[in-house]
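The chain contents come next:
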Amino acid sequence: MKIFISYTFLLISFSIQAQNHGLEKDIAAVESKVIEWRRDIHQHPELSNREFNTAEKIAEHLRALGIEVQTGVAHTGVVGLLKGNRPGKVVALRADIDALPVTERNDLPFKSMVTSEYLGQEVGVMHACGHDTHIAIMMGVAEVLSKNKDKIRGTIKFVFQPAEEGPPPGEEGGAELMVKQGVLENPKVDAIYGLHIGSYLPVGQIAYKPGGAMAAAQRFVVNIKGKQTHGSAPWGGVDPIFVAAKIVDGFQSIISREMELTKEAAVITVGKMSGGVRNNIIPESAELIGTIRTLDYDMQKQINERMKEMASAIAKAYRAEATVEIDKGVPITYNDLALTEASLPSLKEVAGDDNVHLIKAITGAEDFSFYQEKIPGFFFILGGKDPNAGPNDHFPHHTPDFKIDDSGLLLGVKAMTEIALDYLDRAK
Ligand SMILES: [Zn+2]
Ligand SMILES: [Zn+2]
């Protein structure tokens, strides 16, 4: 009987595949530092591709830990390489480091008072998406792991990435540029993990979605050419504003009448409609600018094709002409199915089974997808909402009242540390 019990226990230990690495003491010891770093970074936010001081703080920290550091990757990115004492594969952990042109309205001792110039305008700068917490968590993970090289079967690459929110117009940046500059090579990375703090998810919880988790985002521009005439006599010309309205209508019918929405969600939003200068002139042209969100590449292809067909056919019907330009955009944040499944035990181990939730896809986009285009990756959401707040008592990301509770950071450190070590253990 005794033997049978131990055998069953062995089986269970094997099947959950999440080892306890005995890092509790080191992780607990780093918590106060992580909170301190987070508050410092929160108080000193920097815009995309301008994260100079942030990058310096990160690089300094990694160097002090004895981690090999590369700076200036994709402008202000920092990459750290930590080799374990045992041979094995390479796993990357990514944290994005940029802030947003938002003026903070929170009353916090570490409130951001920073202003900067953005597109010729003086703006407030704030970590209004919570990337300050990502940096601090990852600095904590680096500290814990650098003290436990004997437990690392392989190599850990820390990817501190600038410009996740998108580089300023006319500049390259973000994950796409990091990949282009070889962040996944030398040494070649086998898998990558990333997390995003959520102001809507209570502290202590983790949410994930296998497969298409966050949407691909494409920007589109429609140019409609009509024929200018007097506003009192439309029969003398071709009204591009009228045609633009019909095209907006037509685009929404692609979503509602042509997409198999039970498969995945899809969105077309026209965010800008412009044309004309005054009340009594029918102008020469009009323009529509918008975004397309998809979670499936076949649906994306179909939407792209149909938008072009629809715009030009509608324009033709009303004697106008229309062209549609759609950029490649940001890919789908696609969580590799096998990697997601294999990584869940690590998350359940640190958060508890009941605190790891399967969620629906999000139509927001995340440039972590550029890494996932090349190698298997898993991106999940970490709770950052005050556990005592009411169900609707939170503010969305990118707003002046956006707030994250520091007590959620510890779970982020635990999750990233264990998920990386477990991956390397499995891949040995
Ligand atoms: Zn954001
Ligand atoms: Zn973000």
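Values in this document were obtained by computation on a predicted structure and should not be read as measured data. (Residues numbered from 1 in each chain as written. Chains lettered and ligands numbered in written order. Predicted model: local features only at pLDDT ≥ 70, side-chain atom pairs only at ≥ 80, totals over all residues. Heavy atoms only, no water.)

Student: Please set out the overall build of the protein chain residue by residue, giving values where relevant.
Tutor: Helix and strand counts for the protein chain stand at 10 helices and 18 strands. Radius of gyration (C-alpha) of the protein chain: 25 Å, near the 22 Å computed for a compact globule of 428 residues. Seen along its three principal axes, the alpha-carbon backbone of the protein chain occupies a region of about 90 × 50 × 45 Å. Nonlocal contacts in the protein chain, meaning residues at least 24 apart in sequence, comprise 82% of its contacts between residues at least 6 apart. Accessible area of the protein chain: about 19900 Å², with a carbon and sulfur share of 53%. (Helix = DSSP H or I, 4+ residues; strand = E, 2+ residues; numbered from the N terminus. Rg over C-alpha atoms; globule rule 2.2 N^0.38 Å. Contact = heavy atoms within 4.5 Å. Areas by Shrake-Rupley, 256 points an atom, 1.4 Å probe, with all protein chains shown as cover.)

Student: Tell me about the coordination of the zinc ion (ligand 2), residues and numbers included.
Tutor: Looking at the zinc ion (ligand 2), the protein donor atoms are Cys-129 (SG), His-131 (NE2) and His-196 (NE2), and they sit 2.1 to 2.4 Å from it. Donor residues for the zinc ion (ligand 2), ordered by position in the chain, follow C-x1-H-x64-H. Between the two metal centres, the zinc ion (ligand 2) and the zinc ion (ligand 1), the spacing is 3.1 Å, with Cys-129 acting as a shared donor. Placement of the pair is His-131 in helix H4 (residues 131-146) and His-196 in strand E7 (residues 191-202), with a sequence separation of 65 residues. On the basis of relative accessible area, His-131 is assigned to the buried category, the value being 0%. (Donors = N, O, S within 2.8 Å, 3.2 Å for Na, K, Ca; no water. Buried < 20%, exposed > 50% of the residue type's maximum accessible area, 1.4 Å probe, protein only.)

Student: Now, about the packing of H4 against helix H10 (residues 409-427): what can you tell me, with residues and values included?
Tutor: Direction vectors running N to C along H4 and H10 enclose 50 degrees, while the axes themselves pass 9 Å from each other. By the angle between their directions, the pair H4 and H10 is classed as oblique. As H4 packs across H10, the resulting crossing turns out to be right-handed. From H4, Thr-133, Ile-137, Met-138, Gly-140, Val-141, Val-144 and Leu-145 reach across to H10, where they touch Leu-409, Gly-412, Val-413, Met-416, Thr-417 and Leu-421. Of the residues assigned to the contact of H4 with H10, the class counts are 9 nonpolar, 4 polar and no charged. (Axes fitted to C-alpha atoms, helices over the stretch in contact; angles between N-to-C directions. Parallel < 35°, antiparallel > 145°, perpendicular 65-115°, else oblique. Left-handed = near helix turned anticlockwise from the far one by under 90°. Nonpolar A, V, L, I, M, F, W, Y, C, P; charged D, E, K, R; others polar.)

Student: Tell me about the coordination of the zinc ion (ligand 1), and please be specific about residues and values.
Tutor: At the metal site, the zinc ion (ligand 1) is ligated by Cys-129 (SG), Glu-165 (OE), Glu-165 (OE) and His-398 (NE2), and these contacts range over 2.0 to 2.8 Å. Classification of the site at the zinc ion (ligand 1) as irregular follows from its 4 donor atoms and the range of 51 to 150 degrees in their angles at the metal. Coordination of the zinc ion (ligand 1) draws on donor residues from a single chain, spaced C-x35-E-x232-H in sequence. Judged by its relative accessible area of 38%, His-398 is partly exposed. (Tetrahedral: all angles 85-135°; square planar, octahedral: opposite > 155°, others 65-115°.)

Student: Kindly report on the confidence of the model for the protein chain, identifying the contributing residues and their values.
Tutor: Atom-level detail of predicted coordinates should not be read off regions where pLDDT is low. Here the protein chain shows a mean pLDDT of 95. Residues at 70 or above account for 96%. Counting contacts from residues 1-16, a segment whose pLDDT is below 50, to residues more than four positions away or on other chains yields 2 contacts. (pLDDT = per-residue confidence, 0-100.)

Student: Talk me through the packing of helix H6 (residues 240-258) against helix H7 (residues 297-317); I want residue IDs and the actual numbers.
Tutor: Between H6 and H7, the shortest axis-to-axis distance is 9 Å and the interhelical angle comes to 145 degrees. For the pair H6 and H7, the sense of crossing is right-handed. Only Gln-302, Ile-303, Arg-306, Met-307, Met-310, Ala-311, Ile-314 and Ala-315 of H7 make contact with H6, whose side of the interface consists of Val-243, Lys-246, Ile-247, Gly-250, Phe-251, Ser-253, Ile-254, Ile-255 and Glu-258. Each residue belonging to the contact of H6 with H7 can be placed in one class, and the counts come to 11 nonpolar, 3 polar and 3 charged.

Student: Can you break down helix H3 (residues 52-64) residue by residue, with the values?
Tutor: An ideal rise of 1.5 Å per residue puts 18 Å on 13 residues; H3 measures up with 18 Å between its terminal C-alpha atoms. Looking at H3, one finds that the buried residues are Thr-54, Ala-55, Ile-58, Ala-59, His-61 and Leu-62. Projected down its long axis, H3 carries its buried residues within an arc of 160 degrees, all on one side. The outward face of H3, more than 90 degrees from its buried face, is lined by the exposed residues Phe-52, Glu-56, Glu-60 and Ala-64. Just downstream of H3, Gly-66 is the residue with a positive phi angle, here 80 degrees. (Expected span 1.5 Å × (residues − 1). Arc of directions from axis to C-beta.)

Student: So what's going on with the sheet that holds strand E18 (residues 377-385)? Residues and values would help.
Tutor: Across the sheet, 8 strands lie side by side as E1-E2-E6-E3-E7-E18-E8-E17; this open sheet has mixed pairing. Edge positions in the sheet fall to strand E1 (68-73) and strand E17 (356-358), since each of these pairs with one other strand and no more. On average, adjacent strands in this sheet sit at an angle of 25 degrees to one another, irrespective of strand direction. In this sheet, strand E6 (residues 153-161) lies alongside strand E3 (residues 86-96) in parallel orientation, the contact comprising 9 bridges. Bridged to Arg-94 within E6 is Val-159. Relative to E3, H10 is tilted by about 150 degrees, and along the sheet it contacts E3, E6, E7, strand E8 (206-208) and E18. (Pairing = 2+ DSSP bridges.)

Student: With reference to specific residues and values, describe the packing of aromatic side chains.
Tutor: Inspection of every chain in the model, using the stated rule, returns 8 aromatic pairs. Centroid distance Phe-242 to Tyr-318: 5.1 Å. Interplanar angle 90 degrees. Geometry classified as edge-to-face. With Phe-242 in helix H6 and Tyr-318 in the loop between H7 and strand E15 (321-326), the pair connects residues that are 76 residues apart, well separated along the chain. Taking relative accessible area as the criterion, Phe-242 reaches 38% and is therefore assigned partly exposed. Ring centres 5.6 Å apart and planes at 45 degrees place the aromatic pair Phe-378 and Phe-380 in the tilted group. (Phe/Tyr/Trp six-rings, centres within 6.5 Å; stacked < 30°, edge-to-face > 60°.)

Student: How would you sum up the sheet that holds strand E12 (residues 266-275)? Please name residues and give values.
Tutor: Across a sheet, paired strands are connected by hydrogen bonds in the backbone, their directions being either parallel or antiparallel. Overall, antiparallel pairing links the 4 strands, which are arranged E12-E14-E10-E15 in an open sheet. Taken across any chain shown, the strands that pair with only one partner, and hence form the sheet edges, are E12 and E15. Pairwise comparison of adjacent strand axes, ignoring direction, gives a mean angle of 20 degrees for this sheet. Pairing between E12 and strand E14 (residues 285-294): 9 bridges, direction antiparallel. Counted as the bridge partner of Thr-269 is Thr-291 from E14. The strands touched by H6 within the sheet are strand E10 (216-225), E12, E14 and E15, with E12 carrying the most contacts at an inclination of about 175 degrees. Sheet strands in contact with H7 are E10, E12, E14 and E15, and its direction is about 160 degrees off that of E15.

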